[in-house]
Structures are given as C-alpha cells and as structure tokens.
Amino acid sequence: RIRRYRWEVKYEYKSPDCFQKMVITINGQSPGPTILAEEGDTVIVELTNSLLTENVAIHWHGIRQIGTPWFDGTEGVTQCPILPGDTFTYEYKVDRPGTYLYHAHYGMQREAGLYGSIRVSVARGKTEPFSYDHDRSIILSDWYHNTTYEQALGLSSIPFDWVGEPQSLLIQGKGRYNCSLVSSPYVCNETSPQCSPYVLTVVQGKTYRLRVSSLTSLSALSFQIEGHNMTVVEADGHFVEPFVIKNLFIYSGETYSVLVKADQDPSRNYWVTTSVVSRNNTVTPPGLAIFNYYPNHPKKSPPTVPPAGPLWNDVKPRLNQSRAIKAHHDYIVPPPHTSDRVIVFLNTQNKINGHVRWSVNNVSFNFPHTPYLIALKENITGAFDPTPPPNGYDFVNYDIYNVANNTNATSSNSIYRLQFNTTVDIILQNANTMKKNDSETHPWHLHGHNFWVLGYGEGKFDNFSDPIKYNLIDPIMKNTAPVHPYGWTALRFRSDNPGTWAFHCHIEAHFYLGMGVVFEEGVERVGKLPSSIMGCGKAKGLSR
Ligand SMILES: O=C1O[C@H]([C@@H](O)CO)C(O)=C1O
C-alpha cells in the first residue's frame, strides 16, 4: 500500500518550553506528523520548503532505502538541498517493522525542531513476540533557546563558542523553562498551553508499549516512570530478548520499545522524567511528563517530588545496559563469523587552524559541494578528494587516556570505498578530549544498514584479545550505538546496499564539527538517479 503525506516545512514562533523561539514546523507541528505504515508499504512524502531563505533535506532514520539510496535525505551525500519554494518528493519502501525517526539532515537544522516518528507495524498475519493493549510514541529531545544559525556560527568561530548545555528537555515536544530567568525582549509564558506537560493517560491493569526515541542535539538521557518497571522489547527496529529496567539510558538517534504495565495505586498520577547523563550538566532541569491513571485529572501533579535520575558520571550502569541488549531468541540473525575488513575509528577532539573540530583517525570530515552519490554515479571528477582516508590510528603510541601531545588534525572530504557484498568490522575507539580527564559518549549512526553490535569494552581495543570475546551468538542489530567514555564498541555489517552512506556521531554539533565518515559500496549498481536530487555544485548541468 501507498502512504502519502504532503508536508509544508516552515518557521513559526513556538514555545515548547514556554520560551518563544523560531521553530521549524511540519504542517504547523513540532514534532512533525507521525508516519504510520505497515511493513512493505511505500511511503511518499511531498515536501514543500516554505522556509523563507533556507534550504532543507530530511533523513529517514533507520530506513535502509534499499534501491532508493537517493532518497536517504542526507544533504551533500545523497542529494542536493531542497531550495525555498521547491517541492521535493521522497518515495521509499519501509521493509521492516519497528520504530524509526525522521529529521532534518542539513547543517544543524534538527536543533530547530524538524523531526518526527515513523511507526511501521508488522505485516498483517505476522505477530510480534510480545503483547500489549496500547501503543504510544514519545520523542525525547533537548532544547536550546538560540537558533541553529547562532549555534553553527559559534562553532565555526574563533574563539570557539560552544553551544553549551540545553535550556530544557522536551518529552514529545513539551518542556518547561523557568520564565523568571528571562528578561525582555524575550517572551516566556509559563501559562502557555504549548508548554503544558505531556500526559500519558493509562488505565489500571493495561499494558502500554511506549516507543521511546531520542533526537537530542547533545544530551545522553535517562528515562524513567516513577514506581513502574519497564521491559525492553525492541531496539532500532529489532526485537530484543526482554529484560526489565527501572530506567532506560538512551542516546541520540536510538529508538526503543518498552512495555509498561499500569499496575500501581491508580488513585494518583506518577512522574515521567528524563535527565542528562554523561555530561557534568548542572543547568538543565529534568524533563517532566505525567503518567496519568484514568480517571484522575490529567493535569494533577503527582504528590511526590520527581525522582532524581542516575549519577551523571557513573558509566558502569550504562555499559551494562548496552551489553544487556541481545536479539530476541526467535529473531536472531547470525552474523558472519569473520570479516573481510576491519576499520578502527579513533574518536578525538582536535584543532585545525585554530578551530575546534572532531575527527576520526585525525581526519575531520568536510562536506563537498557536489553530493557523493551524484559525483560517483555520474563520473564527475574533482568533486572530492579521491585519496582513501586512514584505516586506523597509531595504536602503539597513542594514549587514549590523556590529551594528545599534538591535538592538530587535518580535514578532508575523502570517503571509505567498500568492496560490495563484503563483511566490514568497525571498531569505535574513544579517547580523551582536549580537556584533562574528559571523554564523552558518542552515539554513532549508520545510514543504509543495520549493524550487529559485537561488543563493548573499556580502554583500548586490542586486536588480539578482544575479538575472541565478541558475541557471535545473539548480537542485537541496530543502526545507532554508543561508544562509552574511554571505551570501544565493535560493530559488523554487510556492504550489501548500493549507495553512499553517512556514518557519524549523532550529536548535532559533533557531526557539524567533522565527526563522521562516508562509505561507498556498489555504486555501479545504483539505478538511474532522479534529476530532483541534482541542481547543486557540479551536478547542476545534469538536472535535465
Ligand atoms: O565539542 C565540544 O566542545 C565542548 C568542550 O569540549 C569545549 O568547549 C564540549 O563539551 C563538546 O562536546
């Protein structure tokens, strides 16, 4: 079946946390409309760019785009940007059931609220390995009061002007800022209905599937429902061997389904809270929503103080949760037992000509002006640097626990060209930033594929002793996985989807500062490119 959507993207003043800011909406909403489809359906989105002076592109996060790599929505990689006034039609198949996302993939536009959920139900006649009475989608995000332009300009400037910690956390687009901190000319109104808390109404005895996802710009989060356990059943569109948690750690770009039974005292409401972990954030208050037992009033505050989240700097429980996520025993897709190529990605913060940047293997990613997919498929030479980027780093001499002796890096728009239909291992290696005793969490997202998560480790990955410990029995498949502070993460995937695919840190500012790479595989097998993706750089003459 075909699911057709017509979207108008534009700026509007909105107050999702009571503070008025320029928000990018879809048909007047942020989060935008939820895409509802069934496994095997074709989704068509006709997007009209009504931003006054700004381009746009939308990525369908978690959808592999098999046969349609040109509709992945990654500006600079798979398409030219959509110009103001233009209507661009995305058309792709949703071939797997699960919880996915969509969001802007141009500059730092996601920060302005341009995102939403994609919910793909199982094909009729098929079942899921769990049951529930109701199904709800909740996007978690962090929220800044300045604009995407102010942020991007600050990050590109000398001196470096870091985006800092967010002003608030939003649960399904709703948060609360303390308006007494605001002076004119800014508008902040704590009685605005736009910032009334999100309410999840439940009926005693029923089980709820909550599709919880994160599209934070920066923050790693913990999510919890006061007094209620959660059972994790899905991660990034893959069924999980169920396990019970009190709080869910979730990184930007991840999606989970948890089952929650409304089994507590129904005479009151409970807090739903989300709070920042992994950064020493003393300024952003927790995000609050209400778990409302029918028939209590949905706006009635719970009688308790909202429970505090976990300690921000305790890595252990986060590592434990990452390791606990395994494929459901009836849905194991066994990974190949060996790989054809291993690429190690050292994650570092660097300086380039006085600018703060992020790099992998000391190379900071720069976008070319002509999208890779078009340059490669149409044999346009000179569109990007053809030298292959480095396959690893100086394992013997690099000290991941300290600030590098030489923090300088280089920048490049070169890409990793993978042999088609091979097995590729990626080792994400974390390290110290340019600050003493500081290593951050980076959620890495791969376009066009799901990867097997073979393992998470502490310290420096060792090519001799660590691969023996890989989980080759029941690893979960995901599209986004964290590398924990001073740790490593081992991923495996098949280069079986012809196209050009970004792989990057999902922290908006980090990718903007170069923390990403692009893979090419089987580009010679890509079908005829639609002319709608052309019209920029050296692709211009080709839009016929
Ligand atoms: O990219 C970043 O820059 C800052 C800080 O390291 C320098 O101000 C920070 O916390 C980041 O994640």
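As the structure is a prediction and not an experimental result, all values here were calculated from the model. (Residues numbered from 1 in each chain as written. Predicted model: local features only at pLDDT ≥ 70, side-chain atom pairs only at ≥ 80, totals over all residues. Heavy atoms only, no water.)

**Q** Which residues make up the UniProt feature "domain: Plastocyanin-like" (unreviewed entry) in the protein chain, and what values do they have?
**A** Residues given the UniProt feature "domain: Plastocyanin-like" (unreviewed entry) here are residues 9-121, 137-294 and 399-522. With 0% helix and 43% strand, residues 9-121 has its two end C-alpha atoms placed 26 Å apart. Structurally, residues 399-522 is divided into 4% helix and 43% strand, and its ends, taken at the C-alpha atoms, are 36 Å apart. (UniProt positions renumbered as here; feature names shortened; annotations may be inferred. Helix = DSSP H or I, 4+ residues; strand = E, 2+ residues; numbered from the N terminus.)

**Q** How would you explain the packing of aromatic side chains if you had to name every residue and give the values?
**A** For any two aromatic rings, the description comes down to two numbers: the centre-to-centre distance and the angle of the planes. The tally for this structure, following the rule as stated, stands at 34 aromatic pairs. Between F365 and Y372, the aromatic rings sit 6.4 Å apart at their centres with planes inclined by 35°, giving tilted as the arrangement. You can call F365 buried: its relative accessible area is 5%. With a relative accessible area of 0%, Y372 lands in the buried category. (Phe/Tyr/Trp six-rings, centres within 6.5 Å; stacked < 30°, edge-to-face > 60°. Buried < 20%, exposed > 50% of the residue type's maximum accessible area, 1.4 Å probe, protein only.)

**Q** Describe the confidence of the model for the protein chain, and please don't skip the residues or the numbers.
**A** For the protein chain, the mean per-residue pLDDT works out to 98, and 100% of the residues sit at or above 70. Here the prediction assigns the complex a pTM of 0.98, and the interface score ipTM is 0.97. (pLDDT = per-residue confidence, 0-100.)

**Q** Give me the nonpolar core: which residues, what numbers.
**A** The biggest cluster of nonpolar side chains holds 66 residues, and the ones touching the most others in it are L248, F291, F345, I426, F503 and F519. Aside from chain neighbours lying at most four places away, what touches F291 is L200, V202, I225, H228, V260, N269, Y270 and V272. Counting residues in hydrophobic clusters, the runner-up holds 52 residues, among them I63, Y100, F384 and L529. (Core = buried A, V, L, I, M, F, W, Y, C linked by side-chain atoms within 4.5 Å. Contact = heavy atoms within 4.5 Å.)

**Q** Before we move on, could you go through the site of the ligand and cite the residues and values that matter?
**A** If you check the shell around the ligand, you find F160, W162, R279, Q349, W358, K435, E440 and H510 and nothing else. Within the side chain of Q349, an N or O atom sits 2.9 Å from an oxygen atom of the ligand. Within the side chain of W358, one N or O atom sits 2.8 Å away from an oxygen atom of the ligand. Against a free-state accessible area of 310 Å², the protein chains account for coverage of 83% of the ligand. Classifying every residue of the shell around the ligand by side-chain character gives three nonpolar, two polar and three charged. (Near = heavy atom within 4 Å. Polar contact = N/O pair within 3.5 Å; in protein donor to acceptor, adjacent residues only side chain to side chain. Areas by Shrake-Rupley, 256 points an atom, 1.4 Å probe, with all protein chains shown as cover. Nonpolar A, V, L, I, M, F, W, Y, C, P; charged D, E, K, R; others polar.)

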